[in-house]
There are 2 protein chains.
Amino acid sequence: MIETLFRNLERRDVLPDSYRTRLSEIVIRERRFAKGEDIVADGSRPTYSTLLVEGFAGRYKLTHEGARQITSLHVPGDFVDLHAFLLKTMDHGISALSPCTVVLVDHAGLKRITEQVPHLTRMLWLDTLITGSIHRSWIVAMGRRSKSSHLAHILCELYVRLQAIDRVDGRSFHFPLSQGEMADVMGLSLVHINRVIQALRQENVISWTNQTITVLDWDRLQAIAEFDPTYLNLWSEPR
Amino acid sequence: MIETLFRNLERRDVLPDSYRTRLSEIVIRERRFAKGEDIVADGSRPTYSTLLVEGFAGRYKLTHEGARQITSLHVPGDFVDLHAFLLKTMDHGISALSPCTVVLVDHAGLKRITEQVPHLTRMLWLDTLITGSIHRSWIVAMGRRSKSSHLAHILCELYVRLQAIDRVDGRSFHFPLSQGEMADVMGLSLVHINRVIQALRQENVISWTNQTITVLDWDRLQAIAEFDPTYLNLWSEPR
DNA sequence: CGCACTTTTGACTGAGCTCAAAACTGGTGG
DNA sequence: CCACCAGTTTTGAGCTCAGTCAAAAGTGCG
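Residues numbered from 1 in each chain as written. Chains lettered and ligands numbered in written order. Predicted model: local features only at pLDDT ≥ 70, side-chain atom pairs only at ≥ 80, totals over all residues.

- The name given to chain A in an unreviewed UniProt entry is Crp/Fnr family transcriptional regulator, and the organism recorded there is Pseudorhizobium pelagicum.

1. Digging into the overall build of chain A
Then step 1. Secondary structure summary: chain A contains 9 helices and 10 strands in total.
Then step 2. Against the 2.2 N^0.38 benchmark of 18 Å for 239 residues, chain A shows a C-alpha radius of gyration of 18 Å, consistent with a compact globule.
Then step 3. By principal-axis analysis of the C-alpha atoms, chain A measures approximately 55 × 40 × 30 Å.
Then step 4. The proportion of buried residues among the 239 residues of chain A is 49%.
Then step 5. Restricting to contacts in chain A with at least 6 residues of sequence separation, those with at least 24 account for 72%. (Helix = DSSP H or I, 4+ residues; strand = E, 2+ residues; numbered from the N terminus. Rg over C-alpha atoms; globule rule 2.2 N^0.38 Å. Buried ≥ 20, exposed ≤ 12 C-beta atoms within 10 Å, placed from the backbone. Contact = placed C-beta atoms within 7 Å.)

2. A word on the protein's contact with DNA strand D
Then step 1. Around DNA strand D, the structure places 14 residues, and the nearest of them are Ser189, Val191 and His192 of chain A together with Ser178 and Gln179 of chain B.
Then step 2. Sorting the residues of the surface near DNA strand D by element identifies helix 8 (190-202) of chain A together with helix 7 (179-186) and helix 8 (190-202) of chain B as the ones contributing at least two each.
Then step 3. Per-element accounting of the surface near DNA strand D gives the leading share, 5 residues, to helix 8 of chain B.
Then step 4. Here the surface near DNA strand D is built from residues that sort into 5 nonpolar, 8 polar and 1 charged. (Near = placed C-beta within 6 Å. Nonpolar A, V, L, I, M, F, W, Y, C, P; charged D, E, K, R; others polar.)

3. Description of the domain arrangement of chain A
All names here are of chain A.
Then step 1. Once the domains are mapped, chain A shows domain 1 (3-135) and domain 2 (146-232).
Then step 2. For domain 1 and domain 2, the distance between their C-alpha centres works out to 24 Å.
Then step 3. Across the contact, 15 residues belong to domain 1 and 14 residues belong to domain 2.
Then step 4. Of all the secondary structure elements, the ones that give two or more residues to the side of domain 1 that touches domain 2 are strand 5 (68-74) and helix 5 (118-144).
Then step 5. Per-element accounting of the side of domain 1 that touches domain 2 gives the leading share, 4 residues, to strand 5.
Then step 6. The class makeup of the residues in the side of domain 1 that touches domain 2 is 8 nonpolar, 5 polar and 2 charged. (Domains from an automatic or database assignment.)

4. Let's talk about the interface of chain B and chain A
Then step 1. Contacts between chain B and chain A engage 41 residues on the former and 41 residues on the latter.
Then step 2. Among the elements of the structure, strand 5 (68-74), helix 3 (84-87), helix 4 (107-116) and helix 5 (118-144) of chain B are those that each provide at least two residues to the side of chain B that touches chain A.
Then step 3. It is helix 5 of chain B that provides the largest number of residues to the side of chain B that touches chain A, a total of 18 residues.
Then step 4. Residue classes in the side of chain B that touches chain A are distributed as 12 nonpolar, 18 polar and 11 charged.

5. Re the protein's contact with DNA strand C
Then step 1. By nearness alone, 14 residues border DNA strand C, and Ser178 and Gln179 of chain A together with Ser189, Val191 and His192 of chain B come closest of all.
Then step 2. Mapped by element, the contributors of at least two residues to the surface near DNA strand C are helix 7 (179-186) and helix 8 of chain A together with helix 8 of chain B.
Then step 3. Here the residues of the surface near DNA strand C sort into 5 nonpolar, 8 polar and 1 charged.

6. Considerations on the pairing of strand 6 (residues 93-96) of chain B
Residue and element names in this part refer to chain B.
Then step 1. Where strand 2 (residues 38-40) lies against strand 6, 2 bridges are found, and the strand directions are antiparallel. Paired with Asp38 across the strands is Ser95, a residue of strand 6.
Then step 2. The pairing of strand 4 (residues 57-62) with strand 6 spans 4 bridges and is classified as antiparallel. Each residue of the ladder has a partner; that of Arg59, found in strand 6, is Ile94. (Pairing = 2+ DSSP bridges.)

7. Regarding the relation of the copies chain B and chain A
Both copies of the chain are related through a single rotation about an axis accompanied by a shift along the same axis.
Then step 1. Least-squares fitting of chain B to chain A yields an RMSD of 0.0 Å, with the transformation described by 0.0 Å of translation along the axis and a rotation of 180°. Look at the turn and shift together and you get a two-fold axis relating the two. For chain B, the minimum C-alpha distance to the rotation axis belongs to Gly132 of chain B and amounts to 2.7 Å. (Least-squares fit on C-alpha atoms with pLDDT ≥ 70 in both.)

8. What about the sheet that holds strand 3 (residues 48-54) of chain A?
All names here are of chain A.
Then step 1. Spatially, 1-7-3 is the arrangement adopted by the 3 strands of the open sheet, whose pairing is antiparallel. Each having just a single partner strand, strand 1 (27-33) and strand 3 make up the two edges of the open sheet. Within this sheet the neighbouring strands show an average axis-to-axis angle of 30°, counted without direction.
Then step 2. Pairing geometry for strand 1 and strand 7 (residues 100-106), over 6 bridges, is antiparallel. Pairing of Arg29 across the sheet is with Leu104, part of strand 7. (Axes fitted to C-alpha atoms, helices over the stretch in contact; angles between N-to-C directions.)

9. Looking at the sheet that holds strand 8 (residues 172-174) of chain B
Residue and element names in this part refer to chain B.
Then step 1. On the basis of which strands lie adjacent, the open sheet formed by 3 strands has the order 8-10-9 and antiparallel pairing. Sheet topology places strand 8 and strand 9 (206-209) at the edges, where each strand pairs with a single neighbour. Taken pair by pair, the neighbouring strands of this sheet meet at an average axis angle of 15°, ignoring direction.
Then step 2. As judged from the 4 bridges shared by strand 9 and strand 10 (residues 212-215), these two strands associate in the antiparallel manner.

10. Some points on helix 1 (residues 3-10) of chain B
Then step 1. Turning to helix 1 of chain B, its buried residues are Thr4, Leu5, Phe6, Asn8 and Leu9 of chain B.
Then step 2. Each element contacted by the buried residues of helix 1 of chain B is listed here: helix 2 (18-25), strand 3 (48-54) and helix 5 of chain B.

11. Details of the packing of helix 6 (residues 147-164) of chain B against helix 8 of chain B
Residue and element names in this part refer to chain B.
Then step 1. One way to put it is that helix 6 packs onto helix 8 with a least axis distance of 9 Å and a crossing angle of 75°. By the angle class used here, helix 6 and helix 8 are roughly perpendicular. Every residue of helix 8 that contacts helix 6 at Lys147, Ser148, Leu151 and Ala152 is listed here: Val196, Ile197, Ala199 and Leu200.
Then step 2. For the contact of helix 6 with helix 8, the residue count by class is 6 nonpolar, 1 polar and 1 charged. (Parallel < 35°, antiparallel > 145°, perpendicular 65-115°, else oblique.)

12. Quick notes on helix 8 of chain A
Residues and elements named next belong to chain A.
Then step 1. Here helix 8 spans 19 Å end to end across 13 residues, near enough to the 18 Å set by a 1.5 Å rise per residue.
Then step 2. Among all positions in helix 8, only Ile193, Val196 and Leu200 are buried. Seen along its axis, helix 8 keeps its buried residues to an arc of 60°; they face one direction. In helix 8, the exposed positions angled more than 90 degrees off the buried face are occupied by Val191, Arg195, Gln198 and Gln202.
Then step 3. Of the surrounding elements, those touching the buried residues of helix 8 are helix 6 (147-164), helix 7 and strand 9 (206-209).
Then step 4. Just downstream of helix 8, Asn204 is the residue with a positive phi angle, here 60°. (Expected span 1.5 Å × (residues − 1). Arc of directions from axis to C-beta.)

Dropping the structure here:
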């Protein structure tokens with residue numbers, strides 16, 4: 001259950017096998033959520049953190065008028081609310097964007113890890129820092145890229161992240177978000193996101209049907225996005 | 001030199017005085033930067049992290065066409081690139097938005113802290129998590145708020161953060177960014193940011209002249225922004 | 001086959017962009 | 001003290017991107 005997380009961490013540094021056991025020990029239990037359910041509620045104070053094992057999830061915030069902004073997307077192996085271990089109070093909700101399986105990890109157990117296993121602590125800290133890098137790349141895309149470029153950047157990021165956990169088949173990956181949900185990711189209207197997607201399709205850069213995205217021309221997609229994967233830290237070095 | 005940082009951490013949990021010494025010990029040296037200089041270069045691999053002691057700084061990223069997006073603003077007491085301790089490679093630059101004084105903190109020393117002082121480690125981790133919360137609030141503001149609301153949100157956030165470090169005088173604070181720089185914060189054109197500022201001025205919500213912002217009507221500013229300071233974690237609890 | 005949801009299209013509107021110029025500010029040198 | 005310069009703020013005009021409203025077409029499921 002901890003496996004995808006461990007592989008995610010292992011990709012960034014050489015880790016002893018004992019960390020795998022250490023992490024497994026603090027798992028409380030597994031839970032499943034249907035598409036659309038809240039995995040964690042905005043404003044709650046969980047005593048555990050949630051590791052996504054299967055499915056797609058997203059952090060989101062609702063404005064007073066009911067508009068939704070998704071602030072990050074999560075794939076299997078992501079610790080969707082590890083930050084709640086120290087922030088204590090959730091400043092956003094987490095929604096299952098597809099049927100999701102998660103495991104709950106005890107905060108008291110995490111605290112023990114910070115007291116006993118400094119290297120693993122740094123790796124968990126790193127995990128939250130990479131999420132921060134992704135936030136920054138989203139801010140840049142929202143503020144200073146064209147909408148096509150913004151979409152292309154998100155697709156490049158998803159492609160690379162899914163590839164890292166073996167969820168890319170050839171040039172295709174399963175992506176269960178509706179266009180309305182993508183609009184909430186990019187801060188656009190439903191009508192306009194549709195037109196942005198069509199623009200990428202008409203240039204034969206991607207195809208996107210049946211919840212399956214195929215990257216037809218990676219080089220062009222990457223060029224449109226100005227995508228540089230450095231910020232994802234997908235290499236191993238001492239941390 | 002460590003004082004403002006320590007007060008920042010102390011606001012979030014009860015800390016022994018010894019942590020102050022611990023942090024002071026790993027300071028390498030002080031440096032000063034003129035307005036406009038790079039404090040840290042995009043793509044560099046610093047072996048120290050930079051604590052802002054005086055002035056305003058911002059993380060930024062340049063697009064291929066030369067547009068700049070500022071992804072966060074920093075005030076005295078902020079660790080502007082603590083994340084580089086584990087991410088190793090900078091995925092953005094950090095610019096002095098006013099004359100700045102910083103102190104450099106050794107990464108090897110930070111690593112020793114992670115090995116010897118778990119509680120202080122968690123507090124430093126927390127510091128990076130709060131920056132992440134701020135990133136999320138910016139994403140929401142960029143994606144789903146009106147431009148007036150977005151600006152109002154940034155001003156509320158600055159007001160509260162500056163108040164926490166005693167940089168608010170009555171209802172006013174010094175804010176040295178030009179409108180062009182604010183445009184890079186919000187992802188707008190220079191012309192349009194000017195009109196957004198004028199809208200808030202004409203409603204007597206703020207005044208902004210001479211690098212000084214005065215909040216004339218906090219309640220209205222907060223309402224326009226839908227500002228909820230929870231995400232800044234400005235209270236003390238065991239972490 | 002019918003219902004709910006999602007995607008697509010069209011028409012119109014408005015927010016925010018660019019280009020361009022004018023007004024204002026603070027600092028410098030004569 | 002004044003003229004000048006660079007940087008910043010402000011205003012105006014026209015255009016484009018992206019929003020809303022509304023409806024049609026497509027899809028999957030019971």
